[in-house]
Amino acid sequence: MSYPIRRLGESLITLFLVSVVVFAGVRALPGDTATALAGEEPTPEAIAQIRESYGLDDNIVVQYARYVRHAATGDLGVSSRTGLPVLDSVMEALPVTLELSALALLLAVVVGVGAGVVAAVRRGRPEEWLVNAVALLGLSVPAFWLGIVLVLAFAIAVPVFAASGFVPFGVDPMENLRHMVLPVIVLGSGLAAVVMRQTRAAMLGSLSADYVRTARAKGLSRRQVIMGHALRNSLVTVVTVLGLQLGHLISGAVVTEQIFVLPGFGKLTIDAVFSRDYAMVQGVVLFTSTAYIVVNLLVDLAYSVIDPRIRLGGAQ
């Protein structure tokens, strides 16, 4: 069986297990779902009608089958808080979180990989000490504290960037940038520190490997040895870290969006939890979990492009 097909099968099994956990987890929450949907001071008739409308009196297996069937067609239910389809709310919040996460990931890759290469090449010199100190600071500082400090410094004391809110890129690119710079720094700084440390460790191993010594013996330039041989063989580690840190990126987006009042997935999830909007919580968690599984599948497939030995090994 080929490596991509095997990984696709594993991802489908994981997605099935996630759907079971999400379905069971929402129903394990304290309180009766029908009573929560009926609002304040519900009548027995209203509760009975809701239970009938949502099929809550059916067998749990029947409920799960109906849930999977609807989810497969894009029907994630209707929000009890807004009365809008969950999928519509998710698609409305998705561009905000995608932009925030993509820019934070870009910042982490550019800064983290670049700093990691510098720290490895300049090992034992002031450049390495400085990079390590900044990385340790990025790992140690809580996101909410960094967000508050950046708002006080660059949105209030020196009003260069916006403190809160969101402007779509298509409406005003410059205003979009003003609103996104601080959230991106808050979300991407910790990830950049992780990427930097892993890149440095991988580069140190590559620079002492036999194939790098061979490349130097052939007379290749320092740049060709570092970028064409050492860094390329270190990218497997970097890609692995990025895939594993996606969960941190998603959870960090929740905190970041609350700090800067961004109308993304994080705010949508928090509002749904506090209002006991079960359909919204279930839909957001399922959508986020599916995205996480898909991204990790793409990361695994990227391994086979970066290092063909993985592809060949997985085919055996």
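- An unreviewed UniProt entry annotates the chain as ABC transporter permease originating from Streptomyces javensis.
- Checking UniProt for the chain, the heading Sequence similarities (unreviewed entry) contains the comment "Belongs to the binding-protein-dependent transport system permease family."

1. Quick look at the pattern of salt bridges
Logical step 1: Tallied over the full model, the rule gives five salt bridges.
Logical step 2: Across the pair R122 and E127 runs a salt bridge whose closest N-O atoms are separated by 3.2 Å.
Logical step 3: By relative accessible area, which is 30% here, E127 ends up partly exposed.
Logical step 4: Put simply, D271 and K267 hold a salt bridge, and the shortest N to O gap is 3.1 Å. Of this pair, D271 and K267 both sit in helix α12 (residues 265–274), four residues apart, which is roughly one turn of that helix.

2. A closer look at the packing of aromatic side chains
Logical step 1: According to the stated counting rule, one finds five aromatic pairs in the structure shown.
Logical step 2: Measuring from centroid to centroid gives 5.4 Å for F23 and Y64, while their planes differ by 75°, and the two rings are edge-to-face. With F23 in helix α1 (residues 3–27) and Y64 in helix α4 (residues 60–72), this residue pair connects regions lying 41 residues apart in the sequence.
Logical step 3: Under the relative-accessibility criterion, Y64 is labelled buried at 18%.
Logical step 4: Through pairs of rings, three or more aromatic residues link up here, namely F16, F23, Y64 and Y67.

Basis of the calculations
- Going along each chain's sequence as written, the residues are numbered from 1 onward.
- Per-residue local features are limited, in this predicted model, to residues with pLDDT of at least 70; the limit for side-chain atom pairs, both in listing and counting, is 80 or more; totals at the level of whole chains, interfaces and linings are taken over all residues.
- Only hydrogens and water are set aside when side-chain values are computed; all heavy atoms of the structure are taken into account.
- UniProt positions are given in the numbering used here, feature names are shortened, and annotations may be inferred rather than shown by experiment.
- Between Lys or Arg on one side and Asp or Glu on the other, a salt bridge is scored when a side-chain nitrogen of the former is within 4 Å of a carboxyl oxygen of the latter.
- The buried label applies to any residue whose accessible area, calculated with a 1.4 Å probe on protein chains only, is under 20% of its type's maximum; exposed applies above 50%, and partly exposed to all values in between.
- By definition, any uninterrupted DSSP run of H or I lasting at least four residues is a helix, any uninterrupted run of E lasting at least two residues is a strand, and each is numbered from the N terminus.
- Under the pairing criterion, centres of Phe, Tyr and Trp rings, with the six-membered ring standing for Trp, must be within 6.5 Å; the plane angle then separates stacked pairs below 30 degrees from edge-to-face pairs above 60, leaving the rest tilted.

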